[in-house]
Amino acid sequence: MIRVFSIVAVFLAFAAGFAWLADNPGNVQFTWAGREIETSLMVFAIALVVLMIVIAIIWGLLRAIWRSPHMLKGYFSARRRDKGYNALSSGLIAVGEGDAKRALKAANSANKYLNDAPLALLLKAQSAQLAGEYETARKTFHSMMDEPETKLLGLRGLFMEAERTNDPAAALQLALSAMETAAKHPARPNDGATVASWAGPAVLRYQSAAEDWDGALKTISANNAAGLIDRAEVKRRRAIVLVAKALSHEDREPQEAKLAALEAHKLAPDLVPAAVVAGRVLSRLGELRRAVKTLESTWKLNPHPDLAETYAHVRPGDSPRDRVKRIRTLTRLLPDHLESAIALAKAAIEAQDWDGARAALLPHLSIPTQRACLLMADIEEGEHGDKGRVREWLSKAVHAAADPVWIADGVVSDHWAPVSPVTGLLDAYEWKVPQSALAKPTVIISEDDVLLAPLEIEPPMPVEIPKPEPEQQAEKPAPVAAPEIVEATPPQEAEKPDSTTIPVIEAEAVAKTGPKVEGEAAQEAEPVVAEKVADSSKPEPETTTGNGATQDPDQDGKDGISEPSFVSPDSMSPIPDDPGTAKEDPDADKRFKLF
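Residues numbered from 1 in each chain as written. Predicted model: local features only at pLDDT ≥ 70, side-chain atom pairs only at ≥ 80, totals over all residues. Heavy atoms only, no water.

Trainee: Would you take a moment to explain the packing of aromatic side chains for this structure?
Mentor: Here a ring pair, both rings aromatic, is described through the centre-centre distance and the interplanar angle of the planes. By the definition in use, this model includes four aromatic pairs. Relative to tryptophan 198, the ring of phenylalanine 159 has its centre 5.1 Å away and its plane inclined at 45°; by these criteria the two rings are tilted. With phenylalanine 159 in helix α6 (residues 151-164) and tryptophan 198 in the loop between α8 (192-195) and α9 (199-209), the pair connects residues that are 39 residues apart, well separated along the chain. Each ring, one from phenylalanine 159 and one from tyrosine 206, has its centre 6.3 Å from the other, and the planes form 90°; the classification is edge-to-face. In this pair, phenylalanine 159 is assigned in helix α6 and tyrosine 206 in helix α9, connecting sequence segments 47 residues apart. The structure contains a cluster of three or more aromatic residues connected by ring pairs, namely Phe159, Trp198 and Tyr206. (Phe/Tyr/Trp six-rings, centres within 6.5 Å; stacked < 30°, edge-to-face > 60°. Helix = DSSP H or I, 4+ residues; strand = E, 2+ residues; numbered from the N terminus.)

Following this line, the structure appears as structure tokens:
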């Protein structure tokens, strides 16, 4: 557009000049080759313009003749270049379509017409990779490294080949070489960050997978200087690497772990692993107050069960009741949060404070999570041993809302890790609910649910042992009256004793049993007493009934009442050195006395 306006302006200037000459006529007179020439000013001006146009045309013809060889060469070069770029375009399209045969043919044409241009070499390498000719691809990438302009391109290709063959050592070295070459790239001397944008993250990933945390910290600083990551991401990644470093030094070098964990906590106060590691190391070194403050500051920003567990055991050797008191202090910071209730309930269960555990979980049982249901099952089992309620809570846990877990690239883990177990990426773990659990139905428990009501257990009824009635008791043998010693009758006059009687008791034994009996009464009582003593010394036959009692055969014909098999404790003689029945301990665990 500017050129059009310029041409129009030149024509207008000429027109204005000729108009001015027409209004102001004059004569021009000059002598050339002995001849005197005189003409008007208008004619002279027109002749001068025509002369300039003729000179320009002659100059153009002479210049074209002079440059004709170069123009011919440029013409044929442009034609070859056009053919090469057409082949290159066709080959890239074929690579994108996955047509290896057409891509190789186009790559050969592009290299023929473009004389191994960078794009032609790249097409050749990609075509070889698509066709499975990996050795050709590696040779092509190696040839690119010979030229400074294509060295980064060759490093990138060899890096991808190393990753394909699962060679992390070679991939790391190639990425490090790319980072060093990026700042010296001649094509973009002031834009090294754009050229090496793949190398920085790759080096960090492989250093993290190899647990080279010091090298990873240097790489993060280099990426920050190159402008690959922003400031917030730099702080987060440094914090993750410092936590990983603290974990690796926690057992052997606690002081080094302490410095790394505290720096990580300063960079990312809401990072749970940083606070947990710092709390553990500070507790081990005896800095309990600092450990408590570190854990509390992170709990306010991001409550987590790992924080509560570390907080409860911040002082080793505490009793379960002391841990309950400490957890109550922590939960006061966020009294209405679910994690506070679960932490307090777990501590109370360890201390066997069933009422406290139940009271902590009760506000969150309208829509309980799986952990809440499992804790309620523990409470029911520990407090009452009610298997029915335990099974009810376990069945509700199956269909309850899932709790968040540590997850990275679809892999669920019980603990946090600095890198992903699948891809090796740094800071891949997240505390969230798995996607597979989001579609589960949610359990809703109303206030009238019987599971929320305290279990009332009636004390067991005392078992009364029936005592035998007086008439059912076995008849005890009557005390034997001591017969008086009388003068013996002559053998010929004495009567022969019956076979059921026993000999006369000796004088020493009879003297101890009672007073003497005189006269005829003694003589009449002597055989009767002897018979009773003989009968009492014989074992009486017993009949066992169905309930384990014994029945006196003498009583069968009277009332048919059986006698219990036990013997009254009062009638038993005490055993020497018998301590007697142990008294019941009032402090014994009552949950084992249900029956």
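Let us keep going from here.
Trainee: Honestly, the sheet that holds strand β5 (residues 430-432) in this entry has me stumped. Any pointers?
Mentor: As a general point, the strands of a sheet are linked pairwise by backbone hydrogen bonds and lie either parallel or antiparallel. Judged by pairing direction, the sheet is antiparallel, and its three strands sit side by side in the order β4-β3-β5 without closing on themselves. Only two strands of the sheet have a single neighbouring strand rather than two, namely β4 (411-413) and β5. The sheet shows a mean angle of 45° between the axes of neighbouring strands, direction not considered. Here strand β3 (residues 405-408) pairs with β4 via three bridges, running antiparallel. What sits directly across from isoleucine 407, in β4, is valine 412. (Pairing = 2+ DSSP bridges. Axes fitted to C-alpha atoms, helices over the stretch in contact; angles between N-to-C directions.)

Trainee: Is there a simple way to explain a positive patch on the surface in this structure?
Mentor: Side chains of Arg79, Arg80, Lys83 and Lys112 sit close together on the surface and give a patch of like positive charge. It is helix α2 (residues 41-97) that contributes the most residues to the positive patch, three residues altogether. Structurally, the position occupied by lysine 83 is in helix α2. (Patch = residues over 30% accessible without salt bridge, like charges linked within 9 Å, V, L, I, M, F, W, Y side chains within 5 Å. Areas by Shrake-Rupley, 256 points an atom, 1.4 Å probe, with all protein chains shown as cover. Salt bridge = Lys/Arg side-chain N within 4 Å of Asp/Glu carboxyl O. Lys, Arg positive; Asp, Glu negative; His and termini not counted. Charge placed at Lys NZ, Arg CZ, Asp CG, Glu CD.)

Trainee: Sorry, what's going on with the side chain of threonine 219 here?
Mentor: Summarising the element assignment, threonine 219 is placed in helix α10 (residues 213-226). The residues contacting threonine 219, other than those within four sequence positions of it, are Gly200, Val203, Leu204 and Gln207. (Contact = heavy atoms within 4.5 Å.)

Trainee: How should I be thinking about the pairing of strand β1 (residues 27-32) in this particular structure?
Mentor: Consecutive side chains of a regular strand alternate in pointing toward one face of the sheet and then the other. Of the strand pairs in this sheet, β1 and strand β2 (residues 35-40) are connected by six bridges, and their pairing is antiparallel. From the neighbouring strand, valine 28 faces β2, where its bridge partner is threonine 39. Adjacent in sequence and paired antiparallel, β1 and β2 are bridged by two residues, among which alanine 33 carries a positive phi angle near 60°.

Trainee: Would you take a moment to explain the pattern of salt bridges for this structure?
Mentor: Per the counting criterion, the structure on display carries 24 salt bridges. A salt bridge links arginine 237 to glutamate 233; the shortest N-O distance between them is 2.6 Å. With a gap of four residues between them, arginine 237 and glutamate 233 both fall in helix α11 (residues 231-249), about one helical turn apart. Owing to a relative accessible area of 22%, arginine 237 belongs among the partly exposed residues under this scheme. Across the salt bridge formed by glutamate 381 and lysine 387, the nearest N and O atoms sit 3.7 Å from each other. Using a relative accessible area of 48% as the deciding quantity, one classes lysine 387 as partly exposed. Taken together, the salt bridges that share partners define one network made up of Glu135, Arg138, Glu161 and Arg164. (Buried < 20%, exposed > 50% of the residue type's maximum accessible area, 1.4 Å probe, protein only.)

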